[in-house]
Protein chains: 2
Amino acid sequence: MTRIRMSARENLPAAEPVWRIPVARVLHPQSVAIVGASDSLDKFGGRILANVQRHGFPGRLLPINPKRAEVGGLPAWPAIGTAPGPVDLAVIAVPGSQLLETVGECARAGVGACVVITAQLAEFDERGKALQDEVVALARSHGMRLLGPNCMGLISPAAGLALSSTMTLQHAPALRRGGVGFVSQSGALMGTLFVTGDDHAVGFSHMVSIGNQADLELCDLLEALIADDATRVIALYVEALKSPHRFVELARRARVAGKPVLAVKAGRTEAGAAAARSHTASLAGSYEAFVAACESAGVLVFDEPEGMIVAAGVFDRLGAAVGEGGIGFVGSSGGGCAVTADRLAAAGLPLAQWTPATRARLAAHFLPTHTNNPIDLGGHKGALTPQVFEDSIAAIADDDGVAVLLYLMTPQPLMAETADALIAAHRRSGKPVLVVSDTGSFAADIRQRLVAAGLPLVNRIDDGLRVLEAWFRRRRLAVFADGGTRPAGAGPLSALPLELPPAGLLNEPDTKALLAAYGIAVNAADTVGDAEAAVAAAARIGYPVVLKGISRSITHKSDAGLVRLNLADADAVRAGWAALADILRAADGDVAPHVSVQQQVAGVAELILGVRVDADFGPQLLAGFGGVLVEVLKDFRLAAVPLSPAAARALLDGLRLRPLLDGVRGRPAADVEAVVDAIVRLSWLAADLGDRLRELDVNPLIVGARGEGAIAVDGRAVIVEEAA
Amino acid sequence: MTRIRMSARENLPAAEPVWRIPVARVLHPQSVAIVGASDSLDKFGGRILANVQRHGFPGRLLPINPKRAEVGGLPAWPAIGTAPGPVDLAVIAVPGSQLLETVGECARAGVGACVVITAQLAEFDERGKALQDEVVALARSHGMRLLGPNCMGLISPAAGLALSSTMTLQHAPALRRGGVGFVSQSGALMGTLFVTGDDHAVGFSHMVSIGNQADLELCDLLEALIADDATRVIALYVEALKSPHRFVELARRARVAGKPVLAVKAGRTEAGAAAARSHTASLAGSYEAFVAACESAGVLVFDEPEGMIVAAGVFDRLGAAVGEGGIGFVGSSGGGCAVTADRLAAAGLPLAQWTPATRARLAAHFLPTHTNNPIDLGGHKGALTPQVFEDSIAAIADDDGVAVLLYLMTPQPLMAETADALIAAHRRSGKPVLVVSDTGSFAADIRQRLVAAGLPLVNRIDDGLRVLEAWFRRRRLAVFADGGTRPAGAGPLSALPLELPPAGLLNEPDTKALLAAYGIAVNAADTVGDAEAAVAAAARIGYPVVLKGISRSITHKSDAGLVRLNLADADAVRAGWAALADILRAADGDVAPHVSVQQQVAGVAELILGVRVDADFGPQLLAGFGGVLVEVLKDFRLAAVPLSPAAARALLDGLRLRPLLDGVRGRPAADVEAVVDAIVRLSWLAADLGDRLRELDVNPLIVGARGEGAIAVDGRAVIVEEAA
């Protein structure tokens, strides 16, 4: 079976149809028809109608049913064509065999958009895909939009519309309005997260299940939510993007608009990717590239959807920004504080150091031995009064080094007073106050008190950690908002006296010439064709030297014995030449052997820099530690290009082995600034070459001690033909 | 302020008192007195009495109150001495100023044990510690036990006794009886976890808050729970152990008794350790050593307490054992399945491969493209009938490669039928069926249906992952149950022609002699005192050789230039001697220089082996990758000694860089069996030396390619005097 291949290049049609309604109107329709509306909850049309009615859609609701004069207490229309127009949305859940006909009727009746619940289409088999294509073509030819097929509809509290069959709607007391917009490639997940949101006091503006994205796709909805006044935070569940470049552009637009975008993507592992493939027929680019594109564009990637929705709700209530400083952590369970402090520290989250002013304020209620961060309120001096808790919480919130106050609420004395103190601290300080209400089914009144005062609801420390991690990550990623300026002497390509081959492998000398043209240091080298020329080159370069055989057929020079290191004199160079020439003649018999004589470079660290071209996102810069560690630890990071020096530094800081560059066990610190400069220059090279580059490796970049620079001593690249 | 130092050596008193009641009776008392019983819920004595009465203690309940004839509808007694005896437990929450007197009255009245809620004792300041010591001495002198002080009492559903002031008890409908016994160094945490348990259908036998452990300590309760018929699973919250060796012995006893022990320990990071110190005045040994001791003894360490209690509840209902094979994963949310499959794979949890028989059964309802693991039930062929779900769940449960069935329950069609199918699959297959009820506040009836049938309740995937991880970890750790047998030629020490110095540093030759005596390969070496002797030694050993200067004052030989590698001939040896002799004379002027001439060893990997002596747990074996990686990645593992070959292999398998030993990028695989042998031998050496060893390093152990062995080329140790 052939799968739908979603390409990196957006295959937009030559001309967009003139659409009957804009996407914003899909989210805020004034009239909705339910094809196959029924009074039976066993049928899709019945459940959808019941959900819409239960949640009180304020617009016009039109049940379509050829056999009934009335459905759900409303007048029913025998066919969509007989219903009074204009109809903004028609929801369709007919079997596949009737789909084309039904969509045709809607198109002819002037419907603005169809929401197609019907499944077993492109995600199922070839026949389904053919039918889906036909349906889309028909709709487009009429300027009618489609949501789905294989979707679960939409839930738009901002429009008062619950247009979905999901059974969770029947149990919700009311749609909770709020600022979180959610777009999902999984319909069932929308139903689950509707409950998650309700349980965590998360208000939604819109939730949209996009199914197979046959017409309206994730980016259409993302764009509409960025423009939507009711939406302040956007959350996405992604299996594969149809238009990755548009996604990046929209993410940047959201950043400018001050609307945080959160995302979960399936396919981090082969198991997840396989599951996603059979779920919505999606073939995705690499997960690492997705994460890199997101981080560069300011999108916060989460590991799972429920935690994402909880975080979105927190950001909706408290904002997504935290200021300078760390976490001020307070609780009244000594054990809970200790374990959670461990988890914060293990996650690399910064605990604030109290200022002297804070210590002085805490001294009123605590012995000096008991004024750690976290503060365990249970460890106070003397008798317990509300003042102990109120003063302590105020002192921590006021601390200049505290960016966010974390309170771990467990079953404890003075819960209401504590909640009020937290609310007051939030209002007075203007800082985010994250209360983790670790009270299970106990003390629901306290949770409601916090929620009523505008604080968010987080019930498990797992989620609290996700929220904190996202706040501080977003603060770190801010540097990526600025792509920086082109460094002196780093292109543009057109200004350089370089001619790229039309396509093919760039060998080491050619790659180094390209790097050097962008101002990246490379070691001195000379290509020679006989032993005495090698000796002469070595004398010019200075001993010790390296000899590398140049072969068009051998890719891994070291493995083939084509690299001779540390040759100290002319005899060693001659012997080296002889050995390499033998190997080269055996490999490339018909070509006279050529060898590169190079300066031997020593350093304190070896990195690998490179450019990877993702099927979805195009060129991204790679930085990591070299050698077998890359294979085993996968200690590398990717980022969109070009990069500012600050972003390059942030990229390096994300490496697990980063401390090696600071000098471990008395070793000298490496020249990090030189690495940063090389990354920035390479990022401009990658940006300039764009689609012409298939891949590029600088391996290794030898990094000297501080002030001694970083030198590319080997490199290779693959160039492809310019796209037509 | 001085803190209580808990030593590695259990300082047991010379003679244990003759206790009035055994610990089992503390958990199952027949009569309980509440000192300061009150009708006011504002008072500790009032809340405790209300909690006991609410949950219907079947034994004799004796309110003590000098001012009232009746409290809580029961006759009150003016003093403990006037109440009808014998009194098994008396609970005391008086202020510190009255504590000694009250405990004295209890002691004189023949009370079996006092539960002391009173706080601000040893955990607070020196004065509190002195008072606590006095109280303990008084109680001991009468053979009366103490629980606490600074504790929250105990909740014993098995005894029908809710003897705690925690307010969560007032909101619980009833004590849920079950097989989970919990011992906590944090009282507030006991209150929190009581709710967690209730919310997750976890039944407890006993929950005990041990506070400052002034008399009864964690191990006393652990021992009692191992012997307690009502307890099937034991969970612990630990800040610091008073008697670590007893803990290990008891953990092993629990393993033999088939009762899984789960633990959370504060102090994984400095932040958590500081919080724990000011909480219960506990100074702990290293967290890594605790984890190693636990893993070797079969205790499962969790990262947080709520997840631990959820897991304990699962083990109580489904057992802690999983058989051969992997996870069979089923769900009806395609998105949820994909993301969760990613998380399972990222956590290293094994997904089963369906057998051909399973594929054939699934083919009835799914296209071949849709029979992955996980199975997304929503991707079925044709119309949905209960049969689709029932057949699929049965097929997965029956699969021989499936050790545990994981079902991700989201809001979905046919929930009741699905629940019944899962219950049936569990009963027929006898395998653990873990349903993650990811439905929030929706579908409570389905959760109840599962619970009523004996299945456990897990509501978040985070917890589901913890449970799965614990099951498979426990399966892996089973190899540690067998300490193995002493390999031929590995001691015992008394049988060896070796004399250890009374104390001090063992230099490289002495350490290697010790290693060699246990059958660990060391490279050929000879210590010489002049240049020509060095040349002669090199000729005997064979070129190339290494020269190492032997200094009593220099610890890091390489850093001081005292190691010369790869000397290829006599001239190089003479030059090396001269250089080393200069350095040695400068460092140890008054001693004639001595140099070790050694065989140069090449290999495919370098490990570090060692013995670390923890303040709590004594000697543990360390294995890791050498060099700066140890500093940055901390890629090492510890284990109790001695180790069987299977356990040594499991230890190695726990290293992140373990794949390096299999050969990466075409490198040859390392001789893992030789490493395993070296670990086993070193573990026996560590076990034999016991307290005599302060530390030992084999750094590096050079590992050859498969079949070529592993050779210790450097080593050092520190010996201390035998304990009196």
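Reference entry: report on the structure contained in this document. (Residues numbered from 1 in each chain as written. Chains lettered and ligands numbered in written order. Predicted model: local features only at pLDDT ≥ 70, side-chain atom pairs only at ≥ 80, totals over all residues. Heavy atoms only, no water.)

## A look at the overall build of chain A
Here is the rule we go by: Strands here are runs of E lasting at least two residues and helices are runs of H or I lasting at least four, both read from the DSSP assignment and numbered beginning at the N terminus. Exposed residues in this analysis have more than 50% of their type's maximum accessible area, buried residues have under 20%, and partly exposed residues fall in between, with area computed by a 1.4 Å probe over protein chains only. Two residues form a contact once any of their heavy atoms are found within 4.5 Å. Using the Shrake-Rupley algorithm and a 1.4 Å probe, accessible areas are obtained, with residue cover drawn only from the displayed protein chains. Note on charges: Lys and Arg go in the positive column, Asp and Glu in the negative column, and His and the chain ends are not counted at all. Each charge is placed at NZ for Lys, CZ for Arg, CG for Asp and CD for Glu.
Assigned secondary structure in chain A consists of 23 helices and 29 strands. The C-alpha extent of chain A, read off along each of the three principal axes, is 100 × 80 × 40 Å. Taking all 724 residues of chain A together, the buried fraction comes to 59%. Sequence separation of 24 or more characterises 72% of the internal contacts of chain A that already satisfy a separation of 6 or more. Of the accessible surface of chain A, which amounts to about 26200 Å², a share of 53% is contributed by carbon and sulfur atoms. Across chain A, the mean location of the 66 positive side-chain charges is 3 Å away from that of the 76 negative side-chain charges.

## Notes on the sheet that holds strand E5 (residues 89-92) of chain B
All names here are of chain B. The cut-off we apply is this: A pair of strands is considered paired only if DSSP assigns at least 2 bridges between the two. To obtain an axis, a line is fitted to C-alpha atoms, over the contacting stretch when the element is a helix, and the angle between two such axes runs from 0 to 180 degrees between their N-to-C directions.
Across the sheet, five strands lie side by side as E2-E1-E5-E6-E7; this open sheet has parallel pairing. Edge positions in the sheet fall to strand E2 (60-64) and strand E7 (145-147), since each has one partner strand and no second. Strand-to-strand, the axes of this sheet are offset by a mean angle of 20°, without reference to chain direction. As paired elements, strand E1 (residues 31-35) and E5 share three bridges and run parallel to each other. In the sheet register, Val32 faces E5, and the bridge partner there is Leu89. Against the sheet, helix H2 (residues 44-54) touches E1, E2 and E5, its axis set at about 155° to E1.

## Quick word on the interface of chain B and chain A
Note on interface size: it is often stated as the accessible area lost on association of the parts. To be explicit about the condition: Two parts placed together each lose some accessible area under a 1.4 Å probe, and adding up what both lose gives the buried area. Throughout this description, the term salt bridge denotes a Lys or Arg side-chain nitrogen within 4 Å of a carboxyl oxygen of Asp or Glu. The definition of a polar contact used here is a pair of N or O atoms within 3.5 Å, where within protein one atom must be able to donate a hydrogen and the other to accept one, and adjacent residues in sequence count solely through side-chain atom pairs.
Listed per partner, the contact involves 88 residues of chain B and 87 residues of chain A. Carbon and sulfur atoms make up 60% of the area that chain B and chain A hide from each other, which totals about 6500 Å². When residues of chain B are sorted by the area they lose upon contact with chain A, Asp342(B), Phe442(B) and Arg460(B) head the list and together hold 10% of the total. Our enumeration of links across chain B and chain A arrives at 12 salt bridges. Two residues, Arg460(B) and Glu306(A), come together in a salt bridge whose shortest N-O distance is 3.9 Å. Counting across the chain B and chain A interface gives 26 residue pairs in polar contact (both at pLDDT 80 or more). Of all the elements in the fold, those that place two or more residues in the side of chain B that touches chain A are helix H5 (168-171), helix H6 (187-199), strand E13 (261-265), helix H9 (270-280), helix H11 (305-318), helix H12 (334-346), helix H17 (461-477) and helix H21 (628-633) of chain B. Sort the elements by how many residues they give to the side of chain B that touches chain A and H12(B) lands first, with 10 residues.

## So, the pairing of strand E17 (residues 402-409) of chain B
Residues and elements named next belong to chain B. Note the cut-off: Throughout, right-handed denotes a crossover for which the path from the first strand over the helix to the second runs clockwise when the strands point away from the viewer.
Of all eight residues in E17, eight are buried, a share of seventy percent or more. Looking at chain direction, strand E15 (residues 326-331) and E17 are connected through six bridges and run parallel. Bridge pairing in E17 links Gly331 to Leu408. Where the polypeptide runs from E17 across helix H15 (residues 415-429) and back to strand E18 (residues 433-437), its parallel neighbour, the crossover connection is right-handed.

## Observations concerning helix H7 (residues 218-227) of chain B
All names here are of chain B. Of all 10 residues in H7, eight are buried; the element is thus mostly enclosed. Within H7, burial applies to Leu218, Cys219, Asp220, Leu221, Leu222, Ala224, Leu225 and Ile226. Taken together, the buried residues of H7 touch helix H1 (23-27), E7, strand E10 (177-184), strand E11 (204-209), strand E12 (233-238) and helix H8 (244-256).

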